[in-house]
Amino acid sequence: MTDLPSTASAAGDRPADLTPGQRDDAWRRLTEEKFDVVVVGAGVVGAGAALDAATRGLRVALVEARDIASGTSSRSSKMFHGGLRYLEQLEFGLVREALHERELSLRTLAPHLVKPLPFLYPLTHRVWERPYVAAGLFLYDTLGGARSLPGQHHVTRSGALRVAPALKRSALTGGIRYYDTVVDDARHSLTVARTAANYGAVVRLSTQVVSFLREADRVSGVRVRDTENGAETEIRAHCVINAAGVWTDEVQALSKERGRFRVRASKGVHIVVPRDRIVSETAIILRTPSSVLFVIPWETHWIIGTTDTDWNLDLAHPAATRADIDYILERVNDVLKTPLTHDDIEGVYAGLRPLLAGESDETSKLSREHAVASPSPGLVSIAGGKYTTYRVMAADAVDACADFIPTRVADSITERVPLIGAEGYFALVNQCDHLGARYGLHPYRLRRLLNRYGSLIDEVLAPVGDDPGLLQPLSAAPQYLRVEIDYAARCEGALHLEDLLARRTRISIEYAHRGVDCAREVAEIVAPILGWSTATVDFEVETYRRRVEAEVESQRHSDDASADALRAAAPESRPEILEPVPVPE
């Protein structure tokens, strides 16, 4: 391997780096400084709110009880899309907004993370369905304004089967091809949070809000608990944004005031199967009796989902049941020549949509619009919406803080603020062969790194100069290099094995062993960085193994209560997490 380029930066040189040492400094700053805004919850909306506020010149803190995107924002369908099905619900404003955001991210804000994805819409009814779907796709192609993706393209049944040979001939009469986009949701949320840190936000993970501070009749900050060691401190702020997603009501209850809206959790389950189980050049969207089913290419896999059912149990670890998995298999097997079985499944994950509670009893019909409210002076809550519109939601939340901040609050500018890694990405893609030779990596491997880190690739690969062995793949998860694990601990704020295997990488859903077979190797890579003793390595490996065992066992039960009880019995890697307070009726 030739010498590394001089642009490679050392760990900790950038404000965006969430290093182990940064945690102590962040705790000190949270204690000593007064902020304009404290954001509670580091899902994509909370991270987006921190970025929005920081780029307006406000003093911002972002705190998260667990890990970035540890809730809903790492468990989506992996699509950054306008929501084609919302056109049928006449939510034209939501679709227009989402399509505009999709285009922004695809071209400017996050081109290294948000990627074009061709879809096939199989038609099953003659005469009426083609013009009906074509009209909807025409709206989908035009509502968002300027776009860089191709428009719809009509194909015959034979044409559809040429691009998707896995489909039964009897399952369709023709098809329409159109484009949407795909994203690694956890990595995107992490990048939003790190971009906020790059613009001055204080970001601290494993930091749970346990109560609100008050001065007279207004909220003046929060009291937080370090979920790693139990230490507590107070953070003073002019305004607190509750962006806790499905925990919105629980955080609201800490204020001892009734909220202006309620959040209802809807469980969505996805399965992951190897790429060779479905022969298709394109993603597929299928109508079901209650919603739609997506078949999404995910590197060497397919992600298939989702379900849409009410959930009233553990919000941190929603459990997928045998019934959920059977439902997905039945729906997708309706159209596949070679049916999928449980033996084909390598990964399963369940996430909760934070829907605004409405009059309908069906979660699939609850609005995906978002709402912002100020239930008491100094407190702003935001909920609802969809992943794609995170930036708009974040801007609305910060706008609502303006009345509580004594200085003038500038307008949102995040429409013009690329996420870290975006700048220079397209040029680096064109230089892929050259960069691969420089680092001693196959261009395919280099391209994959660019699509995960963008122009931060020099920073990611910097330690290889001292330890060339970091360029080796993980023995039981060869899709990932050892240096990616090193970087996740050095600069991406990962504190536990679960953070590394479930969110910094997606090993927990991409391999049949769910990460157990590489857990010790990963733990030993990060041990020197995170200061883990041999005993800590053993604890992390055993805790992760028991988590996986509990998840796999829960997926053999057909009802939510039984599956939840099994999953909840697994130990937490963050031992100081407090149980949420009951939500007042």
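Heads up: the structure comes first, above all this text.
Here the structure is a predicted model, which means the values were calculated and not measured.

Cut-offs used in this document
Residues numbered from 1 in each chain as written. Predicted model: local features only at pLDDT ≥ 70, side-chain atom pairs only at ≥ 80, totals over all residues. Heavy atoms only, no water. Helix = DSSP H or I, 4+ residues; strand = E, 2+ residues; numbered from the N terminus. Buried < 20%, exposed > 50% of the residue type's maximum accessible area, 1.4 Å probe, protein only. Phe/Tyr/Trp six-rings, centres within 6.5 Å; stacked < 30°, edge-to-face > 60°. Lys NZ or Arg CZ within 6 Å of the ring centre and 35° of its normal. Polar contact = N/O pair within 3.5 Å; in protein donor to acceptor, adjacent residues only side chain to side chain. Contact = heavy atoms within 4.5 Å. Pairing = 2+ DSSP bridges.

**Student:** In this structure, what is going on with unusual backbone geometry? I would like to understand it.
**Tutor:** A negative phi angle characterises most non-glycine residues, just as the trans form characterises most peptide bonds. Residue threonine 306 is reached from glycine 305 by a cis peptide bond, and omega for that bond is 25°. Checked against the element boundaries, threonine 306 lands in the loop between strand E13 (301-305) and strand E14 (309-310). The phi dihedral of alanine 69 is positive, around 65°, even though this residue is not glycine. One can find alanine 69 in the loop between strand E2 (60-63) and helix H3 (92-109). Unusually for a residue other than glycine, serine 206 sits at a positive phi of about 50°. Looking at where serine 206 falls in the secondary structure, it is placed in the loop between strand E6 (202-204) and strand E7 (207-215). Here serine 206 falls in the buried class, since its relative accessible area comes to 0%.

**Student:** Explanation requested: the packing of aromatic side chains in the structure shown.
**Tutor:** The geometry of an aromatic ring pair is captured by the separation of the ring centres together with the interplanar angle, meaning the angle of the planes. Scanning the model with the defined rule gives seven aromatic pairs in all. When the ring of phenylalanine 119 is compared with that of tyrosine 178, the centres are 5.3 Å apart and the planes differ by 15°; the resulting orientation is stacked. With phenylalanine 119 in strand E3 (residues 115-123) and tyrosine 178 in strand E5 (residues 174-182), this pair connects stretches of sequence that are 59 residues apart. The pair phenylalanine 119 / tyrosine 178 is uniform in exposure class, with both members buried. Taken together, Phe119, Tyr140, Tyr178 and Phe294 form an aromatic cluster joined through their ring pairs. One cation-aromatic arrangement involves arginine 275 over tryptophan 302; the distance from NZ or CZ to the ring centre is 4.9 Å. Stacked on the ring of tyrosine 480, the Lys or Arg arginine 448 has its end atom at 4.6 Å from the ring centre.

**Student:** Looking at this structure, how should I read the side chain of threonine 248?
**Tutor:** Note that threonine 248 resides in helix H7 (residues 248-254). A relative accessible area of 2% means that threonine 248 is categorised as buried. Polar contacts involving the side chain of threonine 248 include one to the main-chain carbonyl oxygen of glycine 245, which spans 2.5 Å. Excluding residues within four positions of it along the chain, threonine 248 makes contact with Asn242, Phe261, Val263, Ile382 and Ala383.

**Student:** Is there a simple way to think about the environment of phenylalanine 138 in this case?
**Tutor:** Summarising the element assignment, phenylalanine 138 is placed in helix H4 (residues 129-142). Counting along the chain gives 13 residues from phenylalanine 138 to glycine 151, while the straight-line C-alpha distance between them is 8.0 Å.

**Student:** Help me understand the environment of proline 165, please; the structure alone is not making it clear to me.
**Tutor:** Mapped onto the fold, proline 165 is located in the loop between helix H5 (157-163) and E5. Here proline 165 falls in the partly exposed class, since its relative accessible area comes to 31%. When residues no more than four places from it in sequence are discounted, the contact partners of proline 165 are Val279, Ser280 and Lys337.

**Student:** For this particular structure, what's the right way to read the side chain of threonine 181?
**Tutor:** As for its position among the elements, threonine 181 is in strand E5. On the accessibility criterion, threonine 181 (0% relative accessible area) is buried.

**Student:** What should I look at first to understand the pairing of strand E12 (residues 292-298) in this one?
**Tutor:** Residues in a regular strand project their side chains so that they alternate between the two faces of the sheet. Across the seven residues that make up E12, a large majority, seven, are buried. Alternating positions in E12 separate into two faces, Val292, Phe294, Ile296 and Trp298 on one and Leu293, Val295 and Pro297 on the other, with burial throughout. Pairing analysis gives four bridges linking strand E11 (residues 283-287) to E12, with the strands arranged antiparallel. Considered in E12, the bridge of leucine 286 is made with leucine 293. Where E11 hands over to E12, the hairpin turn is made up of four residues, counted between the paired strands. Bridge count between E12 and E13: five bridges; the pairing is antiparallel. Each bridged residue has a counterpart across the sheet, and for proline 297 the counterpart in E13 is tryptophan 302. Hairpin connection, E12 to E13: the antiparallel pair is bridged by two residues, and glutamate 299 has positive phi, about 55°.

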